[in-house]
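Structural characterization, general
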Amino acid sequence: MRIIRDYQFVTPEDRGASVAIGNFDGVHRGHQAVIEQARRAAPDAPLGVLTFEPHPREHFAPDAPPFRLTNAEARASRLEKIGVERLYQLNFNMALAGLSPREFAQNVISDGLGLSHVVVGADFCFGKGRAGTVEDLKSFGAEMGFGVTVAELLETGGVQVSSTAIRQALSEGRPRDAATLLGHWHRIEGEVIGGEQRGRELGFPTANMSIDGLHQPKFGVYAVLVDVLDGPHQGSYHGAASIGVRPMFDGDHPNIETFLFDFTGDLYGATLSVGLVEFLRPELKFEGLDALITQMDADCDTARDILASA
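Residues numbered from 1 in each chain as written. Predicted model: local features only at pLDDT ≥ 70, side-chain atom pairs only at ≥ 80, totals over all residues. Heavy atoms only, no water.

In terms of regular secondary structure, the protein chain is built from ten helices and 14 strands. Relative to its length of 310 residues, the protein chain is compact, with a C-alpha radius of gyration of 22 Å against a globular reference of 19 Å. The buried share among the 310 residues of the protein chain stands at 49%. Contacts spanning at least 24 positions in sequence make up 73% of the contacts within the protein chain whose residues lie at least 6 apart. A total accessible area of about 14,500 Å² is found for the protein chain, and carbon and sulfur atoms account for 49% of it. (Helix = DSSP H or I, 4+ residues; strand = E, 2+ residues; numbered from the N terminus. Rg over C-alpha atoms; globule rule 2.2 N^0.38 Å. Buried < 20%, exposed > 50% of the residue type's maximum accessible area, 1.4 Å probe, protein only. Contact = heavy atoms within 4.5 Å. Areas by Shrake-Rupley, 256 points an atom, 1.4 Å probe, with all protein chains shown as cover.)

For the rest of this paragraph, the subject is the pairing of strand β13 (residues 255-260). Summarising burial for β13: six of the six residues are buried, a large majority. The alternating pattern of β13 places Asn255, Glu257 and Phe259 and Ile256, Thr258 and Leu260 on opposite faces, both of which are buried. Bridge analysis of strand β10 (residues 207-210) against β13 gives four bridges, and the strand direction is antiparallel. Pairing of serine 210 across the sheet is with asparagine 255, part of β13. Two elements, strand β12 (residues 235-244) and β13, share six bridges in a ladder whose sense is antiparallel. Looking at the pairing, glycine 239 lines up with leucine 260 of β13. (Pairing = 2+ DSSP bridges.)

With that settled, the discussion passes to the side chain of arginine 78. The topology assignment puts arginine 78 in helix α3 (residues 72-81). For the buried arginine 78, no salt bridge is present, and the opposite-charge side chain at shortest range is glutamate 189, 6.0 Å distant. Apart from residues no more than four positions distant in its own chain, arginine 78 is found in contact with Val27, His184 and Arg187. (Lys, Arg positive; Asp, Glu negative; His and termini not counted. Salt bridge = Lys/Arg side-chain N within 4 Å of Asp/Glu carboxyl O.)

Right, let's get into the environment of serine 162. With respect to the element layout, serine 162 can be found in the loop between β8 (159-160) and α7 (163-171). Between the alpha carbons of serine 162 and histidine 238 there is a distance of 28 Å; along the sequence they are 76 residues apart. At 3.1 Å, the side chain of serine 162 forms a polar contact with the backbone nitrogen of alanine 165. (Polar contact = N/O pair within 3.5 Å; in protein donor to acceptor, adjacent residues only side chain to side chain.)

Mapping valine 49 onto the fold places it in strand β3 (residues 47-53). A relative accessible area of 0% places valine 49 in the buried class. Non-local contacts of valine 49, meaning those with residues more than four positions away in its chain, are made with Val19, Ala20, Phe24, Ile35, Leu79, Val84, Arg86, Leu87 and Tyr88.

Okay, the packing of aromatic side chains next. Inspection of every chain in the model, using the stated rule, returns ten aromatic pairs. Measuring from ring centre to ring centre gives 5.9 Å for phenylalanine 52 and phenylalanine 92, while their planes differ by 75°; the resulting arrangement is edge-to-face. Note that phenylalanine 52 is positioned in strand β3 and phenylalanine 92 in the loop between β4 (86-91) and α4 (94-97), a separation of 40 residues in sequence. With respect to burial, phenylalanine 52 and phenylalanine 92 carry one shared label: buried. Of the aromatic side chains, those joined through ring pairs into one cluster are Phe52, Phe60, Phe92, Phe104, Phe124, Phe126 and Phe140. (Phe/Tyr/Trp six-rings, centres within 6.5 Å; stacked < 30°, edge-to-face > 60°.)

With that settled, the discussion passes to the sheet that holds strand β9 (residues 186-191). The pairing of strands in a sheet comes from backbone hydrogen bonds and takes either a parallel or an antiparallel form. Read across the open sheet, the six strands follow the order β9-β14-β11-β12-β13-β10; overall the sheet is antiparallel. Each end of this open sheet is capped by a strand with a single partner; those strands are β9 and β10. For this sheet the average axis-to-axis angle between neighbouring strands, irrespective of direction, equals 35°. Bridge count for strand β11 (residues 220-228) against β12 is nine bridges, and the pairing is antiparallel. By the bridge assignment for β12, alanine 223 is matched with alanine 240. The sheet strands contacting helix α10 (residues 289-307) are β11, β12, β13 and β14 (271-282), and the helix crosses β14 at an angle near 110°. (Axes fitted to C-alpha atoms, helices over the stretch in contact; angles between N-to-C directions.)

What follows deals with unusual backbone geometry. Geometrically, the link from glutamate 53 to proline 54 is a cis peptide bond, its omega value of 0° lying close to zero. In this fold, proline 54 is placed in the loop between β3 and α2 (56-60). With a phi angle near 55°, arginine 130 is a residue other than glycine that sits in the positive phi range. On the secondary structure map, arginine 130 appears in the loop between β5 (117-121) and α6 (134-144).

This paragraph deals with α7. Along α7, the residues that are buried comprise Ser163, Ala165, Ile166, Arg167, Ala169 and Leu170. Buried positions along α7 lie against α1 (29-41), α2, β8, α8 (175-182), β9 and β11. One or two residues past the end of α7 sits glycine 173, with phi positive at roughly 70°.

Here it is, written out as structure tokens:
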């Protein structure tokens, strides 16, 4: 998959794509349906996604609480897995935000990227102040020479598939419900960073990762499926992960600490993808380390049983 970050400098081979437009946070089933429509609309054209980085909400409200389900790297990885060939990940800045709807259609979609077809959700808005509607986009497409398809919003089990609904499920400790909406396990991806090595001292060495900038799932212990994406230990593993602030040790900065079952090795610097399968229990502060170790043993036994049929 090729990643294009500037609509003003596009090679001929990256023009002419059929794309889905949106933020694609989480790449959930609704997003996948929109991308599939882009594939079907022009089967002979490269399949693309047009999105923005940073997320427009981060640009306009930089001090708002973290809300993203996936960072840019995880989103790109998921899009590549479902067959996207061109990722137009445009830098969202004041210049782009200031384009009128007509300027966005002309400068970005038509002249800049030379797109052959675009697919958007029924609630899509674009241009300065989100003033452009899907009807405007259809009109611009007819005038400027690109096709437009408007995809209906997707529902499953009477629930609209949306990033908001997925965040709510994760906040309530319902990762299986989130997975139903996503079409895959919710995954936290990132580099393994150094920690205080308390897990190693307790007999449970963990791979520590930051969750800065991401929506925080319910704090507690989870059964997880882990993919080590690079390095000498690349592969898939079962495990248990703790998300939160480590109240036993008076922590105050949330992270995720993952214990891989039946694993020996050094993961520092490796990139992990941790899929949340089931919430086991909330964070607790125990009376002593022996009680903590006993509970961790029980957590791992429970996680092994759950993951055996995941």
